[in-house]
Amino acid sequence: MVSARAIDVFESFNRFNSGKKVREDTWDYVTVPTNAMIMKEKYDIRFGPGIIPEDEDLIDRLFMAGIDMLVTTGFYNTNLGKVLTVTEDEVFDGLKTAPMKLRLGKGKDRVSCKSRHRTAKSKPIIQGGPTGAPVSEDIFPYMMQSYAQERGVDTLVSGVLNTVNGNPATTNTPWEIRATLAEIRHVREACYTAGRPGMCI
Amino acid sequence: MDLAGLNMLAGWTANGDTIMIEQMPIFGGYTGGIEETAISAVATTLGSFALFSGNFHLDGPIHIRWGITTSRETLQIAAHTAAAIDNNTDLLIANQYYPMAGPCTEMCLLETACQAINDTASGRELLSGSAAAKGVVQDKTTGMEARIMGEAARTAAGMKVSDVNEIVDKLVSNYEKNYNDAPEGKTFRECYDVLTVKPTAEYLEVYEKALATLRAAGLDIKH
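Residue indices begin from 1 for each chain and proceed along its sequence in written order. For this description, chains carry letters from A and ligands carry numbers from 1, given in the order in which they are written. Local features in a predicted model are, by the rule used here, given only for residues with pLDDT of at least 70; side-chain atom pairs are given and counted only at 80 or more, and totals for whole chains, interfaces and linings are based on all residues.

1. Observations regarding the packing of helix α1 (residues 9–17) of chain A against helix α1 (residues 3–15) of chain B
Next, step 1: With axes taken as lines fitted to C-alpha atoms, and helix axes fitted only over the stretch in contact, angles between N-to-C directions fall between 0 and 180 degrees. Think of it this way: any DSSP run of H or I at least four residues long counts as a helix, any run of E at least two long counts as a strand, and we number them from the N terminus. In the contact formed by α1 of chain A and α1 of chain B, the axes pass within 9 Å of each other and the chain directions differ by 155°. Taken together, the axes of α1 of chain A and α1 of chain B are roughly antiparallel relative to one another. Contact residues: V9, F10, S12 and F13 of chain A in α1 of chain A; L6, L9, A10 and T13 of chain B in α1 of chain B.
Next, step 2: Only Asp, Glu, Lys and Arg are considered charged in this grouping, and only Ala, Val, Leu, Ile, Met, Phe, Trp, Tyr, Cys and Pro are considered nonpolar; every other residue, Gly among them, is considered polar. Among the residues making up the contact of α1 of chain A with α1 of chain B, the classes are represented as six nonpolar, two polar and no charged. The scheme is simple: roughly parallel for angles under 35 degrees, roughly antiparallel for over 145, roughly perpendicular for 65 to 115, oblique for anything else. We call two residues in contact when the distance between their C-beta atoms, placed using the backbone, is within 7 Å.

2. A short note on helix α6 (residues 174–193) of chain A
Residue and element names in this part refer to chain A.
Next, step 1: What a helix is expected to span follows from its residue count: subtract one and scale by 1.5 Å. The end-to-end C-alpha distance of α6 is 29 Å, a good match for the 28 Å that 20 residues give at a rise of 1.5 Å each.
Next, step 2: Within α6, burial applies to A179, E183, H186, V187, A190 and C191. Within α6, the buried residues cover an arc of 140° as seen down the axis, which keeps them to one side. Residues of α6 that are exposed and point more than 90 degrees away from the buried face comprise P174, I177, L181, I184 and R185.
Next, step 3: Considering only its buried residues, α6 is in contact with α5 (140–148), β8 (155–156), β9 (160–161) and β10 (163–164).
Next, step 4: Of the residues flanking the end of α6, it is G195, one or two places downstream, whose phi is positive at about 75°. Exposure is read from a count of other C-beta atoms within 10 Å of each residue's own; the residue is exposed at 12 or fewer, buried at 20 or more and partly exposed in between. C-beta atoms are placed from the backbone. What the arc describes is the spread of directions from the helix axis to the C-beta atoms.

3. Brief notes about the sheet that holds strand β6 (residues 125–128) of chain A
Next, step 1: Strand pairing is assigned whenever DSSP detects at least two bridges linking the two strands. Taken in spatial order, the six strands line up as β8(A)-β6(A)-β6(B)-β5(B)-β3(B)-β1(B) in an open sheet, and their pairing is parallel. The open sheet is flanked by β8 of chain A together with β1 (20–22) of chain B, the only strands paired with a single partner.
Next, step 2: Relative to strand β3 (residues 56–59) of chain B, helix α2 (residues 34–50) of chain B is tilted by about 150°, and along the sheet it contacts β1, β3 and β5 (93–96) of chain B.
Next, step 3: Contacting β6 of chain A together with β6 (126–129) of chain B, helix α5 (residues 143–156) of chain B runs over the sheet at an angle of about 170° to β6 of chain A.

4. Side note on the pairing of strand β5 (residues 111–114) of chain A
Residue and element names in this part refer to chain A.
Next, step 1: The pairing of strand β4 (residues 101–104) with β5 spans four bridges and is classified as antiparallel. Paired with R103 across the bridge in β5 is S112.
Next, step 2: Remark: six residues form the turn of the hairpin made by β4 and β5, two consecutive strands paired antiparallel; G105 in that turn has positive phi of roughly 100°.

5. Description of the packing of helix α4 (residues 106–121) of chain B against helix α6 (residues 161–175) of chain B
Residue and element names in this part refer to chain B.
Next, step 1: The geometry of α4 relative to α6 is characterised by a closest axis approach of 10 Å and an angle of 155° between their N-to-C directions. By the angle between their axes, α4 is roughly antiparallel relative to α6. The way α4 lies across α6 gives a crossing that is left-handed. Seen from α4, the contacting residues are M107, L110, E111, C114, I117, N118 and A121; seen from α6, they are V161, V164, I167, V168, L171, V172, N174 and Y175. Throughout, a crossing is termed right-handed when the near helix is turned clockwise from the far one, and left-handed when it is turned anticlockwise from it by less than a right angle.

6. Description of the sheet that holds strand β3 (residues 82–84) of chain A
Residue and element names in this part refer to chain A.
Next, step 1: A sheet is described by the order of its strands in space; here three strands give the open sequence β1-β3-β2, paired in antiparallel fashion. Across the chains shown, the open sheet's two edge strands, defined by having one partner strand only, are β1 (20–21) and β2 (75–77).
Next, step 2: Pairing of β1 with β3, which is carried by two bridges, proceeds in the antiparallel orientation. When the sheet's bridge partners are listed, K21 is paired in β3 with K82.
Next, step 3: Strand contacts of α1: β2 and β3, with the helix running at about 135° to β3, the strand carrying the most contacts.

7. Side note on the nonpolar core
Next, step 1: Of all hydrophobic cores here, the largest spans 126 residues; its most connected members are L62 of chain A together with I39, V42, I117, A152 and V168 of chain B.
Next, step 2: Looking at this core, you find at least three residues from each of domain 1 (9–96) and domain 2 (102–193) of chain A.
Next, step 3: Those residues in contact with I117 of chain B that lie beyond four places of it in its chain are A152, A153, A156, V164, I167, V168 and L219 of chain B. In plain words, the nonpolar core is the set of buried Ala, Val, Leu, Ile, Met, Phe, Trp, Tyr and Cys residues that C-beta atoms within 7 Å link up. For the purposes of this description, domain bounds are those given by an automatic or database domain assignment.

8. A few points about the interface of chain B and chain A
Next, step 1: Counting from both sides, the interface comprises 86 residues of chain B and, opposite them, 81 residues of chain A.
Next, step 2: If you list the elements that add at least two residues to the side of chain B that touches chain A, you get α1, α2, α3 (72–88), α4, β6, α5, α6 and α7 (188–191) of chain B.
Next, step 3: If one sorts the elements of the side of chain B that touches chain A by residue count, α2 of chain B sits on top with 12 residues.

9. As for the domain arrangement of chain A
Next, step 1: Along its sequence, chain A is carved into domain 1 (9–96) and domain 2 (102–193).
Next, step 2: Each of domain 1 of chain A and domain 2 of chain A has a C-alpha centre, and these two points are 32 Å apart.

10. Topic: the environment of N174 of chain B
Next, step 1: Counting through the fold element by element, N174 of chain B comes out in helix α6.
Next, step 2: Overall, N174 of chain B belongs to the partly exposed group, with 17 C-beta atoms counted inside 10 Å.

11. Things to note about the pairing of β6 of chain B
Next, step 1: Burial of β6 of chain B is two-sided: the residues L126 and S128 of chain B facing one way and the residues L127 and G129 of chain B facing the other way are all buried.
Next, step 2: In this structure, β6 of chain A lies alongside β6 of chain B, joined through four bridges in parallel fashion. Looking at β6 of chain B, one finds that I125 of chain A is bridged to L126 of chain B.
Next, step 3: On the question of chirality, the crossover connecting β5 of chain B to the parallel β6 of chain B by way of α4 of chain B is right-handed. We call a crossover right-handed when, viewed with the strands running away from us, the connection from the first strand over the helix to the second turns clockwise.

Right, dumping it as structure tokens:
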């Protein structure tokens, strides 16, 4: 059945709210592993020795198994303890709203992240950075500059400031907010220092 | 998904921001084996676009025993998941990097390069990294790991999947035997002159050695 409109985060919240109540341990230890095993058998998903798949039929069966897994299982909300459900048509309709291309950054430092396929000659976007690894406050901008100055790097991903003004950047404390803002400031500074002020961060 | 996540998404959606949704499936966790983890990764990737208005998705299959994304099993999950989505959609998909070895070691560079060509030949649009030393040791990441990630990806783009598969297998076979005794590597201060932000001669030598190993494996990285 054709869906009325694509699902967004607000509709998702409503569906979580009106969804079926399930215990978190049941979800983790029963629902997810059981359904994954069922999908594996139903779609005959067995990987060969190759790390990258070359069997086109297996690749497409895996996609359908993933769709079926999402529709059969739904999504779990850990705070509400409830499950959102979605139909296959709604999944496909939702995928149509996703962009095939994104412009990242500004000015001459802007790059275009476009849909590419497995044997495409275009390279992927390279997002350089510590990817959430912990970094000392005193070297943070310099470490980020070491990524920004690499010509093969297109955009930046930040590390995590270990402290801010000497205070631990602990989750759910005011210092976490200050640390987050300091990270952004330091990463932007690194872009300027490397001569790439418009780089996407 | 929790309510904090939904609330952040609501703010970004209302503001018209570009939204990246991240999810790291754990091989050996609740989903179990390689195939089951890949099925769940495809499902959650699709859900991030269809249910939560994501604009691109950041994956990162991780090994429950080793805590890395560069193991044979997690590379296989990542490649199959990406290929399945790549074959059937034009969605923008990314992967993140958690090698086992630390900076200024050949193993770290080979792990990073291996995942980069794996991701490139399985159709990913964006590579994000690299969090060397499993991303858990303070100050053990540097720009040199991102350099090899970019050079390897650029070289692999356009190659036949079967050729890339052979190289990936050679590289994983080279480093996976070191898992019990992986080199810890050096900190940023030991890898770079912090004031000039230039890598040390030692790291440049290690880098050259890694390039030679990659070329010997069949990845013809040019300067």
